[in-house]
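Read off the chains here:
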Amino acid sequence: MKVVAFNGSPAKAGNTYHGIKIVIDELEKEGIETEIVHVGNKPVRGCIACKNCTKKKNEKCIITTDPVNEWIEKMKEADGIILGSPVHYSSIAGTMKSFLDRAFRVAEANDSMLRHKVGVSVVAVRRAGGIPTFDQLNNYINHSEMLMATSNYWNVINGTAPGEAMQDKEGIQIMRVLGKNMAWLMKLIENGEGNVKKPEREEKIFTNFIR
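Residues numbered from 1 in each chain as written. Predicted model: local features only at pLDDT ≥ 70, side-chain atom pairs only at ≥ 80, totals over all residues. Heavy atoms only, no water.

Novice: How should the layout of surface pockets be read in this particular structure?
Specialist: Think of a ball as big as a water molecule: rolled over the atoms, this probe shows where empty space is left. For the largest pocket, the calculated volume is near 400 Å³. Lining of the largest pocket is provided by 20 residues; of these, Glu-108, Ser-112, Arg-201, Lys-204 and Phe-206 occupy positions nearest its centre. Of the residues forming the lining of the largest pocket, the biggest block, five residues, is contributed by helix 4 (residues 94–109). When the residues that make up the lining of the largest pocket are grouped by side-chain class, the tally is seven nonpolar, four polar and nine charged. If you trace the second largest pocket, you find 15 residues lining it, with Asn-15, Pro-86, Arg-126, Gly-159 and Thr-160 closest to the centre. Going through the elements one at a time, helix 1 (15–29) and strand 4 (118–125) are the ones with two or more residues in the lining of the second largest pocket. The residue makeup of the lining of the second largest pocket, split by class, is seven nonpolar, six polar and two charged. (1 Å grid on protein atoms, 1.4 Å probe; cavity = no way out; pocket = protein on both sides within 12 Å on 5 of 7 lines; lining within 4 Å. Points joined across faces, edges and corners; volume = space filled by probe spheres on them. Helix = DSSP H or I, 4+ residues; strand = E, 2+ residues; numbered from the N terminus. Nonpolar A, V, L, I, M, F, W, Y, C, P; charged D, E, K, R; others polar.)

Here you go:
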């Protein structure tokens, strides 16, 4: 089994990284392979709503000037996905959102290819705005029929200077419990394969309130 974590912070060793790393450490204790991909320090374009991913169904975004297609492939190959972001104006970091909008649109257009993978969100915040950002990240997981592992509080860790989050004792516990629960859920899924029938995928119904 493998988990890939996407770090939306511009700082490779910032507090978002430290939050993700605590989760990763618990996964590795359970023998799960891990990888951290740094998204926030790359120039990433937002979705241009061209719908080419729906037309072509080739598991790729039409934009090829950044690493998004490479990251989509990593998501496809992984059994679990961690979405990590710092807080920018009570919201996901811009580069991270651009990546997620495109990656999850491609996934949906290609038979919901992230369906039933385990997903979790991790947020690092200086003071406030952590919960709205956490909710926004979870929207991608919920929309894709992924399975979400939980912790004993919202997955937010606090800190300003890089590494300061490691002084947040409750935040550390939240991430540690999250990692344990994520590993447990992934193992349940692995052991259930072939023994418990998966629900059949339904084609998405789209409605419009304008008549």
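What follows continues from the structure just given.
Novice: What is the right way to read the packing of aromatic side chains from this model?
Specialist: In this description, an aromatic ring pair is defined by two values, namely the gap between the centres and the angle between the planes. A full pass over the atoms with the stated rule returns four aromatic pairs. Consider the rings of Trp-71 and Phe-99, whose centres lie 5.1 Å apart with planes at 85°: the pair is edge-to-face. Of this pair, Trp-71 sits in helix 3 (residues 68–77) while Phe-99 sits in helix 4, and the two are 28 residues apart along the sequence. Since its relative accessible area comes to 0%, Phe-99 is described here as buried. Taken together, the ring pairs in this structure connect Phe-6, Trp-71 and Phe-99 into an aromatic cluster. The cationic tip of Lys-204 hangs over the ring face of Phe-206; the distance from NZ or CZ to the ring centre is 5.4 Å. (Phe/Tyr/Trp six-rings, centres within 6.5 Å; stacked < 30°, edge-to-face > 60°. Buried < 20%, exposed > 50% of the residue type's maximum accessible area, 1.4 Å probe, protein only. Lys NZ or Arg CZ within 6 Å of the ring centre and 35° of its normal.)

Novice: Looking at this model, I keep getting lost on the pairing of strand 2 (residues 33–38). Mind explaining?
Specialist: The side chains of a regular strand alternate, residue by residue, between the two faces of the sheet. Direction of pairing for strand 1 (residues 2–7) relative to strand 2: parallel, over a ladder of six bridges. For Ala-5, the partnering residue across the bridge sits in strand 2 and is Ile-36. Following the backbone out of strand 1, through helix 1 and into the adjacent parallel strand 2, one traces a crossover that is right-handed. (Pairing = 2+ DSSP bridges. Right-handed = clockwise from strand over helix to strand, strands pointing away.)

Novice: Mind showing me how you'd approach the side chain of Arg-115 here?
Specialist: Structurally, Arg-115 is set in the loop between helix 4 and strand 4. Engagement of the side chain of Arg-115 in a polar contact is seen with the side chain of Glu-145, the distance being 3.0 Å. Each residue touching Arg-115, except ones within four places of it in the same chain, is listed here: Ser-144, Glu-145, Pro-199, Glu-200 and Arg-201. (Polar contact = N/O pair within 3.5 Å; in protein donor to acceptor, adjacent residues only side chain to side chain. Contact = heavy atoms within 4.5 Å.)

Novice: Where do I start with helix 6 (residues 169–192) in this structure?
Specialist: An α-helical turn contains 3.6 residues, so a residue and the one three or four places further along point in the same direction. Here helix 6 is 24 residues long and its end C-alpha atoms lie 35 Å apart, about the 34 Å a rise of 1.5 Å per residue gives. Within helix 6 the residues assigned to the buried category are Gly-171, Ile-172, Ile-174, Met-175, Leu-178, Gly-179, Met-182, Ala-183, Leu-185, Met-186 and Gly-192. Buried residues in helix 6 make contact with strand 1, helix 1, strand 3 (80–86), strand 4, strand 5 (147–148) and strand 6 (156–158). Downstream of helix 6 by one or two residues, Gly-194 has phi in the positive range, about 85°. (Expected span 1.5 Å × (residues − 1).)

Novice: I tried to follow the UniProt feature "domain: NADPH-dependent FMN reductase-like" (unreviewed entry) in the protein chain on my own but got confused; where do I start?
Specialist: UniProt's feature table lists "domain: NADPH-dependent FMN reductase-like" (unreviewed entry) at residues 1–159, given in the numbering used throughout. Measuring from the first to the last C-alpha atom of residues 1–159 gives 31 Å, for a span that is 38% helix and 20% strand. (UniProt positions renumbered as here; feature names shortened; annotations may be inferred.)

Novice: Looking at this model, I keep getting lost on the pattern of salt bridges. Mind explaining?
Specialist: Note that side chains of opposite charge can pair when their charged atoms are close. Enumeration according to the criterion identifies 14 salt bridges in this entry. With its nearest N and O atoms 2.7 Å apart, the salt bridge here joins Lys-76 to Glu-59. Here Lys-76, found in helix 3, pairs with Glu-59, found in the loop between helix 2 (52–56) and helix 3; they are 17 residues apart in sequence, far enough to count as distant. In this structure Lys-76 comes out as partly exposed when scored by relative accessible area, which is 34%. Its relative accessible area of 24% is what places Glu-59 among the partly exposed residues. (Salt bridge = Lys/Arg side-chain N within 4 Å of Asp/Glu carboxyl O.)

Novice: What should I look at first to understand the nonpolar core in this one?
Specialist: One recurring pattern in soluble globular proteins: nonpolar side chains tend to sit buried together. Core analysis: the largest hydrophobic core is formed by 36 residues, its most contacted members being Phe-6, Leu-83, Met-96, Phe-99 and Phe-104. Contributions of two or more residues to this core are made by strand 1, helix 3, strand 3, helix 4, strand 4 and helix 5 (130–143). Among the elements that take part in this core, helix 4 stands out by supplying eight residues, more than any other. If sequence neighbours within four positions are ignored, Leu-83 has contacts with Phe-6, Met-96, Leu-100, Phe-104, Val-120, Ser-121, Val-122, Leu-137, Tyr-140 and Ile-141. Residues Val-3, Ala-5, Leu-27 and Ala-149 belong to the second largest nonpolar core, which totals 24 residues. (Core = buried A, V, L, I, M, F, W, Y, C linked by side-chain atoms within 4.5 Å.)

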